[in-house]
Amino acid sequence: MFDKLVDLVVQFLDLFKPLRVVHAYQQAVLLRRGLFVRTLGPGWHLVIPLGVDEVICESVVTDTTRTGVQALTTADDVSVSVSVVVTWRVRSARKLLLQVVGKEQAMLDAATGVIARHVVGARWADLASEEFLDTITSEIAARAKKWGIVVDEVTWHDLVKAQTYRILGGPLSPSSPVS
């Protein structure tokens, strides 16, 4: 009971804080009554208290995201399992915070879609080439740029020939025996 009272007092006092701190590894957006006012860099910033101004911070340091393994078939009919590591950073906190919900999921969706399209259109021998990775990197970077994200590098995490079998989740064909 006492801890809830302390939380209530702290939240109430938080309404009166006229200063907000944006750390050296962050960018922030200042919203006034829910509308974008400006982007804030690192440092101390005066804000209008009582919930009029809201400061939302976002880390802008380099991060990595690994895609899940995708089972695909290349143009020369080779079954492969692939996954990549995308190295990226935030360039515009405004775009990222105001236009994207779930930055990691957006990066994963963009990367897996690009990879799948390029792998099924390529031959197995071409997948390990620098040109292939450069093509994928530039396309993922172009998609991420509209969200305020810069893609620095895309590297293979998994790239193997692998036969895959669907055990669960797929529909049974009429000729499949049912036990």
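Scroll up to find the structure this text is about.
### Points about the sheet that holds strand 2 (residues 26-32)
Okay, step 1: Ordered in space as 3-2-5, the 3 strands form an open sheet in which the pairing is antiparallel. Since the sheet does not close on itself, it has two edges, and those belong to strand 3 (35-40) and strand 5 (53-59), each with one partner. The average angle at which neighbouring strand axes cross in this sheet is 25°, direction not considered.

### Some thoughts on the pairing of strand 3
Okay, step 1: Judged from the 5 bridges that link them, strand 2 and strand 3 form a sheet pairing that is antiparallel. Opposite valine 29, over in strand 3, you have threonine 39 as the bridge partner.
Okay, step 2: Adjacent in sequence and paired antiparallel, strand 2 and strand 3 are bridged by 2 residues, among which arginine 33 carries a positive phi angle near 50°.

### Quick look at a negative patch on the surface
Okay, step 1: On the surface, Glu130, Glu131, Asp134 and Glu153 cluster together into a patch of negative charge.
Okay, step 2: Here aspartate 134 lies in helix 5 (residues 130-145).
Okay, step 3: The class for aspartate 134 is partly exposed, based on a relative accessible area of 48%.

### Focus: the packing of helix 3 (residues 103-120) against helix 5
The relative placement of two packed helices is expressed as an angle between their axes plus a distance between the axes.
Okay, step 1: It is at 10 Å that the axes of helix 3 and helix 5 come closest, and there the two elements cross at 145°. Crossing angle aside, the handedness with which helix 3 passes helix 5 is right-handed. Contacts from Met107, Ala110, Ala111, Val114, Ile115, Arg117, His118 and Val119 in helix 3 reach Phe132, Thr135, Ile136, Glu139, Ile140, Arg143 and Ala144 in helix 5.
Okay, step 2: Residue composition of the contact of helix 3 with helix 5, grouped by class: 10 nonpolar, 2 polar and 3 charged.

### Section: the side chain of serine 83
Okay, step 1: By the element assignment, serine 83 lies in strand 8 (residues 79-90).
Okay, step 2: A polar contact of 3.0 Å, which involves the side chain of serine 83, links it to the side chain of aspartate 158.
Okay, step 3: Here serine 83 is in contact with Arg66, Thr67, Gly68, Val69, Thr155, Trp156, His157 and Asp158, once residues within four sequence places are set aside.

### As for helix 5
Okay, step 1: The end-to-end C-alpha distance of helix 5, which contains 16 residues, comes to 22 Å, matching closely the 22 Å that a straight helix rising 1.5 Å per residue would cover.
Okay, step 2: All of the buried residues along helix 5 are Phe132, Leu133, Ile136, Thr137, Ile140 and Ala144. Summarising the axial view, the buried residues of helix 5 lie within an arc of 130°, below the 170-degree limit, and thus occupy one face. Projecting away from the buried face of helix 5 at angles above 90 degrees are the exposed residues Glu131, Ala142 and Lys145.
Okay, step 3: Against helix 3, helix 4 (124-127) and strand 9 (149-161) lie the buried residues of helix 5.

### What about unusual backbone geometry?
Okay, step 1: Residues other than glycine seldom take positive phi values, yet arginine 33 does so here, at roughly 50°.
Okay, step 2: As for its position among the elements, arginine 33 is in the loop between strand 2 and strand 3.
Okay, step 3: At leucine 50, a position not held by glycine, the phi torsion is positive, near 70°.
Okay, step 4: With respect to the secondary-structure elements, leucine 50 resides in the loop between strand 4 (43-46) and strand 5.
Okay, step 5: The class for leucine 50 is exposed, based on a relative accessible area of 55%.

### A short note on the environment of valine 84
Okay, step 1: Relative to the helices and strands, valine 84 resides in strand 8.
Okay, step 2: Take valine 84: its relative accessible area is 0%, and that puts it in the buried class.
Okay, step 3: Separated by 81 residues in sequence, valine 84 and aspartate 3 have C-alpha atoms that sit 46 Å apart.
Okay, step 4: For valine 84, the residues in contact, after removing those within four places along its chain, are Thr65, Arg66, Thr67, Ile115, Val154, Thr155, Trp156 and His157.

### Observations concerning the pattern of salt bridges
Okay, step 1: Summed over all chains, the structure comprises 6 salt bridges.
Okay, step 2: The shortest N-O distance in the salt bridge between arginine 32 and aspartate 53 comes to 2.7 Å. One end of the pair, arginine 32, is in strand 2; the other, aspartate 53, is in strand 5, with 21 residues separating them in the sequence.
Okay, step 3: As a salt-bridge pair, aspartate 126 and arginine 123 come within 3.5 Å of each other at their nearest N and O atoms.
Okay, step 4: Residue classification places aspartate 126 among the partly exposed positions, given a relative accessible area of 30%.
Okay, step 5: Residue arginine 123 is classed as partly exposed on the basis of its relative accessible area of 46%.
Okay, step 6: A single salt-bridge network, built from bridges that share partners, covers Arg117, Glu139 and Arg143.

What counts and how
Residues numbered from 1 in each chain as written. Predicted model: local features only at pLDDT ≥ 70, side-chain atom pairs only at ≥ 80, totals over all residues. Heavy atoms only, no water. Pairing = 2+ DSSP bridges. Helix = DSSP H or I, 4+ residues; strand = E, 2+ residues; numbered from the N terminus. Axes fitted to C-alpha atoms, helices over the stretch in contact; angles between N-to-C directions. Patch = residues over 30% accessible without salt bridge, like charges linked within 9 Å, V, L, I, M, F, W, Y side chains within 5 Å. Areas by Shrake-Rupley, 256 points an atom, 1.4 Å probe, with all protein chains shown as cover. Salt bridge = Lys/Arg side-chain N within 4 Å of Asp/Glu carboxyl O. Lys, Arg positive; Asp, Glu negative; His and termini not counted. Charge placed at Lys NZ, Arg CZ, Asp CG, Glu CD. Buried < 20%, exposed > 50% of the residue type's maximum accessible area, 1.4 Å probe, protein only. Left-handed = near helix turned anticlockwise from the far one by under 90°. Contact = heavy atoms within 4.5 Å. Nonpolar A, V, L, I, M, F, W, Y, C, P; charged D, E, K, R; others polar. Polar contact = N/O pair within 3.5 Å; in protein donor to acceptor, adjacent residues only side chain to side chain. Expected span 1.5 Å × (residues − 1). Arc of directions from axis to C-beta.

Note that all results are geometric; they support no functional claim without further evidence.
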